[in-house]
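Observations on chain architecture
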Amino acid sequence: IECIYGLREPAQFSRWLAEDVYRAVSARAKRHSASANQTRSASNRPRFTIGNAIITSPRDGVVEASVIVRGPARVRAVALRLEGIDYRWRATSFSML
(Lines give C-alpha, C1' and ligand atoms only; values in the text may rest on other atoms or scores of the structure.)
Protein backbone atom coordinates (compact mmCIF):
# COMPACT_ATOMS: atom_id res chain seq x y z
CA ILE A 1 0.00 0.00 0.00
CA GLU A 2 2.79 2.41 0.89
CA CYS A 3 4.48 1.62 -2.42
CA ILE A 4 1.35 2.29 -4.45
CA TYR A 5 0.81 5.59 -2.65
CA GLY A 6 4.38 6.72 -3.35
CA LEU A 7 5.68 6.46 0.21
CA ARG A 8 8.20 3.72 -0.65
CA GLU A 9 10.03 2.77 -3.80
CA PRO A 10 8.85 -0.39 -5.61
CA ALA A 11 12.44 -1.67 -5.65
CA GLN A 12 12.25 -2.11 -1.87
CA PHE A 13 9.76 -4.93 -2.42
CA SER A 14 11.24 -6.59 -5.50
CA ARG A 15 12.64 -9.60 -3.67
CA TRP A 16 9.20 -10.42 -2.21
CA LEU A 17 7.20 -9.97 -5.41
CA ALA A 18 6.91 -12.17 -8.48
CA GLU A 19 8.01 -10.34 -11.64
CA ASP A 20 4.50 -9.73 -13.02
CA VAL A 21 3.26 -8.51 -9.61
CA TYR A 22 6.28 -6.19 -9.35
CA ARG A 23 5.55 -4.69 -12.78
CA ALA A 24 1.87 -4.18 -11.94
CA VAL A 25 2.62 -2.56 -8.56
CA SER A 26 5.32 -0.34 -10.11
CA ALA A 27 2.98 0.82 -12.88
CA ARG A 28 0.19 1.57 -10.42
CA ALA A 29 2.61 3.45 -8.15
CA LYS A 30 3.80 5.58 -11.08
CA ARG A 31 0.24 6.44 -12.11
CA HIS A 32 -0.75 7.37 -8.58
CA SER A 33 2.37 9.32 -7.68
CA ALA A 34 2.25 11.45 -10.82
CA SER A 35 -0.89 13.16 -9.56
CA ALA A 36 -0.48 12.79 -5.79
CA ASN A 37 3.07 14.18 -5.46
CA GLN A 38 1.93 17.53 -6.78
CA THR A 39 -0.52 18.00 -3.90
CA ARG A 40 1.15 16.07 -1.04
CA SER A 41 3.47 17.66 1.49
CA ALA A 42 5.38 16.00 4.32
CA SER A 43 2.80 17.19 6.85
CA ASN A 44 -0.11 15.34 5.22
CA ARG A 45 1.53 11.97 4.63
CA PRO A 46 -1.31 9.41 4.52
CA ARG A 47 -1.51 6.88 7.33
CA PHE A 48 -2.98 3.44 6.91
CA THR A 49 -4.41 0.99 9.41
CA ILE A 50 -5.09 -2.68 8.89
CA GLY A 51 -8.64 -3.86 9.52
CA ASN A 52 -10.07 -7.36 9.25
CA ALA A 53 -7.92 -10.01 7.63
CA ILE A 54 -8.98 -13.41 6.40
CA ILE A 55 -6.12 -15.82 5.82
CA THR A 56 -6.41 -19.28 4.28
CA SER A 57 -3.97 -21.92 3.16
CA PRO A 58 -5.41 -23.83 0.18
CA ARG A 59 -2.37 -26.11 0.11
CA ASP A 60 1.01 -26.51 1.75
CA GLY A 61 3.31 -23.59 0.95
CA VAL A 62 0.53 -21.25 -0.19
CA VAL A 63 -1.26 -18.53 1.76
CA GLU A 64 -4.12 -16.42 0.43
CA ALA A 65 -5.30 -13.36 2.31
CA SER A 66 -7.87 -10.64 2.01
CA VAL A 67 -7.27 -7.56 4.12
CA ILE A 68 -9.17 -4.35 4.76
CA VAL A 69 -6.90 -1.28 4.69
CA ARG A 70 -8.19 2.02 6.01
CA GLY A 71 -6.65 5.19 4.62
CA PRO A 72 -7.41 8.85 5.17
CA ALA A 73 -9.88 9.14 2.30
CA ARG A 74 -11.19 5.62 1.71
CA VAL A 75 -11.23 2.01 2.77
CA ARG A 76 -9.74 -0.52 0.37
CA ALA A 77 -9.86 -4.28 0.07
CA VAL A 78 -6.57 -6.01 -0.72
CA ALA A 79 -6.23 -9.62 -1.82
CA LEU A 80 -2.91 -11.37 -2.18
CA ARG A 81 -1.43 -14.80 -2.63
CA LEU A 82 1.90 -15.73 -1.10
CA GLU A 83 3.82 -18.81 -2.17
CA GLY A 84 6.83 -20.33 -0.50
CA ILE A 85 9.58 -20.16 -3.14
CA ASP A 86 13.29 -20.72 -2.40
CA TYR A 87 12.72 -20.70 1.38
CA ARG A 88 10.94 -17.34 1.43
CA TRP A 89 7.47 -15.99 0.80
CA ARG A 90 6.80 -14.27 -2.52
CA ALA A 91 3.62 -12.48 -3.54
CA THR A 92 2.47 -14.15 -6.74
CA SER A 93 -0.82 -12.27 -6.94
CA PHE A 94 -1.90 -8.84 -5.66
CA SER A 95 -5.15 -7.04 -6.16
CA MET A 96 -6.49 -3.86 -4.60
CA LEU A 97 -10.04 -2.55 -4.96
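Structure: see above.
Computed from a predicted structure; not experimentally measured.

Our next topic: the overall build of the protein. Secondary structure assignment for the protein yields one helix and four strands. The order of helices and strands in the protein, counted from the N terminus, is α-β-β-β-β. The buried share of the protein, taken over its 97 residues, is 25%. A separation of at least 24 residues holds for 33% of the contacts in the protein among residues at least 6 apart in sequence. Counting every atom, the protein has about 6800 Å² of accessible surface; 52% of that belongs to carbon and sulfur.

So, on to the packing of aromatic side chains. Pairs of aromatic rings are described using the distance from one ring centre to the other and the angle between the two planes. If you walk through the whole model with that rule in mind, you get one aromatic pair. Measuring from ring centre to ring centre gives 5.1 Å for Tyr5 and Phe48, while their planes differ by 45 degrees; the resulting arrangement is tilted. Taken together, the residues Tyr5 in the segment before α1 (19-39) and Phe48 in the loop between α1 and β1 (49-59) connect sequence positions 43 residues apart. Taking the relative accessible area as the measure of exposure, Phe48 reaches 23% and is therefore partly exposed.

At Asp86, a residue that is not glycine, the phi angle is positive and equals roughly 55 degrees. The backbone phi angle of Tyr87 is positive, close to 65 degrees, even though this residue is not glycine. Residue position: Tyr87 is located in the loop between β3 (75-85) and β4 (88-96).

Analysis parameters
- Residues numbered from 1 in each chain as written.
- Predicted model: local features only at pLDDT ≥ 70, side-chain atom pairs only at ≥ 80, totals over all residues.
- Heavy atoms only, no water.
- Helix = DSSP H or I, 4+ residues; strand = E, 2+ residues; numbered from the N terminus.
- Buried < 20%, exposed > 50% of the residue type's maximum accessible area, 1.4 Å probe, protein only.
- Contact = heavy atoms within 4.5 Å.
- Areas by Shrake-Rupley, 256 points an atom, 1.4 Å probe, with all protein chains shown as cover.
- Phe/Tyr/Trp six-rings, centres within 6.5 Å; stacked < 30°, edge-to-face > 60°.

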